[in-house]
Amino acid sequence: MNAGCKPGKYEPGRINVPKLERTVDRAQKEKVVEELGQIFESSGVVVVAHYAGLTVAEMQDLRARAREAGGSVRVAKNRLAKIALEGKPCASMADLLTGMTVLTYSEDPVAAAKVAEGFAKDNKKFEILGGAMGGAALDRAGVEAVSKMPSREELIAQIVSCIGAPASNIAGAIGAPASNIAGILSTIIEKAEAA
């Protein structure tokens, strides 16, 4: 390679070095649009945020938190995400897709919002823009409100405890007379022995 040759610039008689950009062909773009469409259709909540300035380690932390909560994180070209949103119930969130955006999503209607809110508190560079929950568009305050709702697991635990409490009360009530009778019998026996 000639030392005077700059990448991407055509100079007659010299070897040109192509730009080191990763190109995405049409088939790959169609696949990405299809995957994003699946995300928008099947997710209970999708949160859109700016991530400019985050380090690789911080992004890995966000991905780990999302994975732990049953969600995922996806960085995609805004143009492809907007194409994927066409005709979807959450198409109104297309306006949020500007700049360096990341999608945090989950099937659980609140898990991704909880992860995004928690991560935003720890990382000021992570700026939540809004999102969508089903067909409803969410602004910044909407995402915060969703994040404060109980998760699916928390709701199940609450329901089970509500169902379990009456059962334990019934078992206690059924068992109580037997213990009362045993106590009365032991008192009668003690009085009979004392007399």
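Described below are features of the structure shown in this document. (Residues numbered from 1 in each chain as written. Predicted model: local features only at pLDDT ≥ 70, side-chain atom pairs only at ≥ 80, totals over all residues. Heavy atoms only, no water.)

## Examining the side chain of S106
Next up, step 1: With respect to the helices and strands, the residue S106 is situated in strand β3 (residues 101-106).
Next up, step 2: Accessibility expressed as a relative area gives 2% for S106, which makes it buried.
Next up, step 3: A polar atom in the side chain of S106 sits 2.7 Å from the backbone oxygen of D108.
Next up, step 4: Apart from residues lying up to four places away in sequence, S106 is in contact with S43, G44, V45, G70, G71, A111 and A112. (Helix = DSSP H or I, 4+ residues; strand = E, 2+ residues; numbered from the N terminus. Buried < 20%, exposed > 50% of the residue type's maximum accessible area, 1.4 Å probe, protein only. Polar contact = N/O pair within 3.5 Å; in protein donor to acceptor, adjacent residues only side chain to side chain. Contact = heavy atoms within 4.5 Å.)

## Thoughts on the environment of R65
Next up, step 1: For R65, the location among the structural elements is in helix α2 (residues 56-68).
Next up, step 2: Of the residues examined, R65 reaches a relative accessible area of 26% and is grouped as partly exposed.
Next up, step 3: The residues touching R65, leaving out its near neighbours within four places in the chain, are V115, G118, F119 and D122.

## Comments concerning the nonpolar core
Next up, step 1: Ranked by internal contacts, the top residues of the largest apolar core, which has 22 residues, are V47, M59, L62, V102, F126 and I128.
Next up, step 2: Secondary-structure elements contributing two or more residues to this core are β1 (45-50), α2, α4 (111-122) and α5 (140-147).
Next up, step 3: By size, the runner-up hydrophobic cluster in this structure holds 19 residues, among which are V46, L80, L85 and A132. (Core = buried A, V, L, I, M, F, W, Y, C linked by side-chain atoms within 4.5 Å.)

## Here we look at α2
Next up, step 1: Across its 13 residues, α2 extends 18 Å between first and last C-alpha, which sits within 8% of the 18 Å expected from 1.5 Å per residue.
Next up, step 2: Within α2, burial applies to M59, L62 and A66. The arc that holds the buried residues of α2, viewed along the axis, is 55 degrees, so those residues lie on one side. Of the residues in α2, the exposed ones pointing more than 90 degrees away from the buried face are V56, A57, Q60, R67 and E68.
Next up, step 3: Once α2 finishes, G70 follows within two positions and takes phi at roughly 90 degrees, a positive value. (Expected span 1.5 Å × (residues − 1). Arc of directions from axis to C-beta.)

## Looking at the pattern of salt bridges
When the charged atoms of two side chains with opposite charge come close together, those side chains can pair.
Next up, step 1: In total, this model carries 7 salt bridges according to the counting rule given.
Next up, step 2: When the shortest N-O distance is used, the salt bridge between R26 and E30 registers 3.4 Å. In this pair, R26 and E30 are both assigned in helix α1 (residues 26-42), 4 residues apart and thus about one turn of the helix distant.
Next up, step 3: R65 is the partner of D61 in a salt bridge, and the nearest nitrogen-oxygen pair spans 3.3 Å. Of this pair, D61 and R65 both sit in helix α2, 4 residues apart, roughly one helical turn.
Next up, step 4: Judged by its relative accessible area of 30%, D61 falls in the partly exposed class.
Next up, step 5: One salt-bridge network, held together by shared partners, links D61, R65 and D122. (Salt bridge = Lys/Arg side-chain N within 4 Å of Asp/Glu carboxyl O.)

## Some remarks on α4
Next up, step 1: Between the first and last C-alpha of α4 there are 17 Å, a value that for 12 residues agrees with the 16 Å anticipated at 1.5 Å per step.
Next up, step 2: Buried within α4 we find A111, A112, A113, V115, A116, E117, F119 and A120.

## Considering the packing of aromatic side chains
Next up, step 1: Following the criterion strictly, the structure yields 1 aromatic pair and no others.
Next up, step 2: Relative to F126, the ring of F119 lies with its centre 5.0 Å away and its plane at 90 degrees, an arrangement referred to as edge-to-face.
Next up, step 3: A residue is classified by how much of its surface remains accessible, and F126, at 3% relative accessible area, is buried. (Phe/Tyr/Trp six-rings, centres within 6.5 Å; stacked < 30°, edge-to-face > 60°.)

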